[in-house]
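Close look at the chain arrangement
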There are 2 protein chains.
Amino acid sequence: MSEKEANTVFIGRKPTMSYVMAVITNFNSGDTKEVVLKARGRAITTAVNVAQVITRRFMKDLKVSKIGIGTEEVTPREGGDPRKVSTMEIVLTKP
Amino acid sequence: MSEKEANTVFIGRKPTMSYVMAVITNFNSGDTKEVVLKARGRAITTAVNVAQVITRRFMKDLKVSKIGIGTEEVTPREGGDPRKVSTMEIVLTKP
């Protein structure tokens, strides 16, 4: 894995702590300087929780270096019209 | 109301559109150049939805000028130990 490659953790429906652990593992492997949390819809709240728990409890030297929000079109698995879903990206960076 | 005063809309459990309307009303009254959306916990997702619906559908000239996340301690109304809740602030700005 190249040093510059951003590592991405997709936030879904698992408990917050699963993602906290995934991010910590990511930072502790190789030269990871940056991890990106990506979430859609309801998982956006979980993404914010993950960022807060990591930066306040586990890796206090990390910074939230960027937060972005957006919209994506999602086609339901069952078929039907695509609908718009909000997205969020939180970038965590090691000093 | 002073021109510099930031107007705040607190996002809660109402439907997204209620808050969209509140923000639009806010921008259309007086000299409002900036509206701040504030949300905690589950309402964070709604805040992102509100920002997206406004900037993409209703007021396309608005910009998301700042996004912040944080943590607050909330004491349950029923009493008991305070617990930590994630917070989010989205600043919408008129050009």
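Our next topic: the packing of helix 2 (residues 43–58) of chain A against helix 2 (residues 43–58) of chain B. Running from N to C, helix 2 of chain A and helix 2 of chain B point in directions that differ by 115°, and their axes come no closer than 7 Å. Regarding the angle of helix 2 of chain A to helix 2 of chain B, the classification is roughly perpendicular. Our pair here, helix 2 of chain A against helix 2 of chain B, has a crossing hand that is right-handed. In contact with Ile44, Thr45 and Val48 of chain A of helix 2 of chain A, helix 2 of chain B contributes Ile44, Thr45 and Val48 of chain B. In terms of residue class, the contact of helix 2 of chain A with helix 2 of chain B is built from four nonpolar, two polar and no charged.

To continue, consider the packing of helix 1 (residues 16–28) of chain B against helix 2 of chain B. The angle between the axes and the distance between the axes are what describe a pair of packed helices. Residue and element names in this part refer to chain B. Taken N-terminus to C-terminus, the directions of helix 1 and helix 2 make an angle of 55°; their axes are 9 Å apart at the nearest point. Taken together, the axis directions place helix 1 and helix 2 in an arrangement best described as oblique. Judged by the sense of rotation from one axis to the other, the crossing of helix 1 with helix 2 is right-handed. Judged by residue contacts, Thr16, Tyr19, Val20, Val23 and Ile24 of helix 1 engage Thr46, Asn49, Val50, Val53, Ile54 and Phe58 from helix 2. Across the contact of helix 1 with helix 2, the residue classes tally to eight nonpolar, three polar and no charged.

Residues and elements named next belong to chain B. One open sheet holds the four strands; their spatial order is 1-2-4-3, and the pairing between them is mixed. Edge positions in the sheet fall to strand 1 (7–10) and strand 3 (63–74), since each has one partner strand and no second. Neighbouring strand axes in the sheet, compared pairwise and without regard to direction, differ in orientation by 20° on average. As defined by bridge partners, strand 3 adjoins strand 4 (residues 83–93) across eleven bridges and the pair is classed as antiparallel. By the bridge assignment, Lys63 is partnered in strand 4 with Thr93.

Definitions and cut-offs
Residues numbered from 1 in each chain as written. Chains lettered and ligands numbered in written order. Predicted model: local features only at pLDDT ≥ 70, side-chain atom pairs only at ≥ 80, totals over all residues. Axes fitted to C-alpha atoms, helices over the stretch in contact; angles between N-to-C directions. Helix = DSSP H or I, 4+ residues; strand = E, 2+ residues; numbered from the N terminus. Parallel < 35°, antiparallel > 145°, perpendicular 65-115°, else oblique. Left-handed = near helix turned anticlockwise from the far one by under 90°. Contact = placed C-beta atoms within 7 Å. Nonpolar A, V, L, I, M, F, W, Y, C, P; charged D, E, K, R; others polar. Pairing = 2+ DSSP bridges.

Bear in mind that shape data such as this cannot, by itself, settle questions of function.
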